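Single-letter residue listing:
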Amino acid sequence: MLRIEQLTKRFGANAAVDNVSFTIDKTAMIGVIGASGAGKSTLLRMINRLADASEGTIAFQGRDVTRLTGSARRKWQSECAMIFQQFNLVPRMDVVSNVLHGTLNRRSTFSTLFNLYPTEDIHTAIEILDRLGIADHAPKRAEALSGGQQQRVAIARALMQDPQIILADEPIASLDPMNAQIVMDALRRIHEEDGRMVIANLHTLDTARRYCDRVIGMRMGRVVFDGTPDQLTTGVARDIYGAGAEFSEAATSTDINALAEARHAVTA
Ligand SMILES: Nc1ncnc2c1ncn2[C@@H]1O[C@H](COP(=O)(O)OP(=O)(O)O)[C@@H](O)[C@H]1O
Ligand SMILES: [Mg+2]
């Protein structure tokens, strides 16, 4: 489905992504982990074509998307929706309008200019918000919502594009453990129920282990691990993060597991 071959992105002399190759054969939920600066965001940005590759190719379902321009590039960008750590909503605009922004790629300049959304699209937006448990917030300004709710609005905006791939760049890095879990659960459910591929850069090991079918570990622009969560042992993690014996899993934990256990204890 998605084939990355010898992909490189250089910023001056620095290779942010350095000769990366991997193939995703079937729709899966993939976690990309690695220390800050490892090249995770640059990799996702190249896939989405927010950044141009210096070398190499990105192909989806046999189609080379590496050098698309103009409307072909925009069409590809709507097929692989991106979600960011900081949500990237329009804060003063209402929630439903933020979600409808996900249809921008296929609307005329005229209707965009005058905020004319087809009724059908408005219904779809509300349905998606409902699915994510936040339909009640539809008329509110985005800035009035909590971080976890805002990230779900961003997911709704992505779903509005009906994308085949969802690219999430550290989607829970700004959230507390409970909201982190809600957002990760939503992404997992979207993957399982809709069959969409999810590729998420994750800053914590436990989240990658818990939610992903496959984990790709990056270090200094290169892929240094590609395997199942089971294969991601503490020793392997130490290599990925380039840490010494002082490496602690706790430093790369969101405490989602701890939260789940605490909840379990309360309900047991
Ligand atoms: N626009 C840019 N200009 C120059 N260097 C950049 C730019 N974006 C990223 N880099 C560099 O590329 C490397 C990888 O960055 P990034 O992809 O953001 O890593 P990560 O997301 O894993 O933290 C870093 O050394 C970073 O400083
Ligand atoms: Mg990053």
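Rules used in this analysis
Residues numbered from 1 in each chain as written. Chains lettered and ligands numbered in written order. Predicted model: local features only at pLDDT ≥ 70, side-chain atom pairs only at ≥ 80, totals over all residues. Buried ≥ 20, exposed ≤ 12 C-beta atoms within 10 Å, placed from the backbone. Helix = DSSP H or I, 4+ residues; strand = E, 2+ residues; numbered from the N terminus. Near = placed C-beta within 6 Å. Nonpolar A, V, L, I, M, F, W, Y, C, P; charged D, E, K, R; others polar. Axes fitted to C-alpha atoms, helices over the stretch in contact; angles between N-to-C directions. Parallel < 35°, antiparallel > 145°, perpendicular 65-115°, else oblique. Left-handed = near helix turned anticlockwise from the far one by under 90°. Contact = placed C-beta atoms within 7 Å. Core = buried A, V, L, I, M, F, W, Y, C linked by C-beta atoms within 7 Å. Pairing = 2+ DSSP bridges.

Identification of the protein as Phosphonates import ATP-binding protein PhnC from Mameliella alba is taken from an unreviewed UniProt entry.

### A look at helix 1 (residues 40-47)
Of all eight residues in helix 1, seven are buried; the element is thus mostly enclosed. What helix 1 keeps buried is the set Lys40, Ser41, Thr42, Leu43, Leu44, Met46 and Ile47. Immediately downstream of helix 1, the backbone of Arg49 shows phi near 70°, a positive value.

### Remarks on the site of ligand 1
Within the structure, ligand 1 sits among Phe11, Asn14, Ala16, Gly34, Ser36, Gly37, Ala38, Gly39, Lys40, Ser41 and Thr42. Taken together, the elements giving at least two residues each to the shell around ligand 1 come down to strand 2 (14-24) and helix 1. In terms of residue count, helix 1 provides more of the shell around ligand 1 than any other element does, three residues in total. Residues of the shell around ligand 1, tallied by class, amount to three nonpolar, seven polar and one charged.

### Considerations on the packing of helix 5 (residues 119-131) against helix 6 (residues 147-160)
Two elements in contact, helix 5 and helix 6, have axes whose closest approach is 9 Å; the angle formed by their N-to-C orientations is 135°. By the angle between their directions, the pair helix 5 and helix 6 is classed as oblique. The element helix 5 and its partner helix 6 pack so that their crossing is right-handed. Residues Thr124, Ala125, Ile128 and Leu129 of helix 5 form the contact with helix 6, whose own contacting residues are Ala156, Leu159 and Met160. Of the residues belonging to the contact of helix 5 with helix 6, the class tally is six nonpolar, one polar and no charged.

### A short note on unusual backbone geometry
Residue Arg49 is not a glycine yet carries a positive backbone phi of 70°. As for its position among the elements, Arg49 is in the loop between helix 1 and strand 4 (55-60). One non-glycine residue with positive phi stands out, namely Gln61, at about 50°.

### With respect to the nonpolar core
Core analysis: the biggest nonpolar cluster contains 72 residues, and Val99, Ile166 and Leu167 have the highest contact counts within it. With seven residues, helix 6 is the largest single contributor of residues to this core. Discounting residues that sit within four places of it in the chain, Val99 has contacts with Ala125, Ile128, Leu129, Val153, Ala156, Arg157 and Met160.

### Some remarks on the sheet that holds strand 4
The strand order 2-1-4-5 describes an open sheet built from four strands, whose pairing is antiparallel. The open sheet has two free edges, formed respectively by strand 2 and strand 5 (63-64), since each of these has just one partner strand. In terms of strand pairing, strand 1 (residues 2-11) meets strand 2 through seven bridges, oriented antiparallel. Bridge pairing in strand 2 places Ile4 opposite Phe22.

### Observations regarding the pairing of strand 8 (residues 197-201)
Burial runs high along strand 8: five of the five residues are buried. Alternating positions in strand 8 separate into two faces, Met197, Ile199 and Asn201 on one and Val198 and Ala200 on the other, with burial throughout. With four bridges joining them, strand 3 (residues 29-33) and strand 8 adopt parallel strand pairing. The partner of Ile30 across the bridge, within strand 8, is Ile199. Note: strand 7 (residues 165-169) against strand 8, five bridges, orientation parallel.

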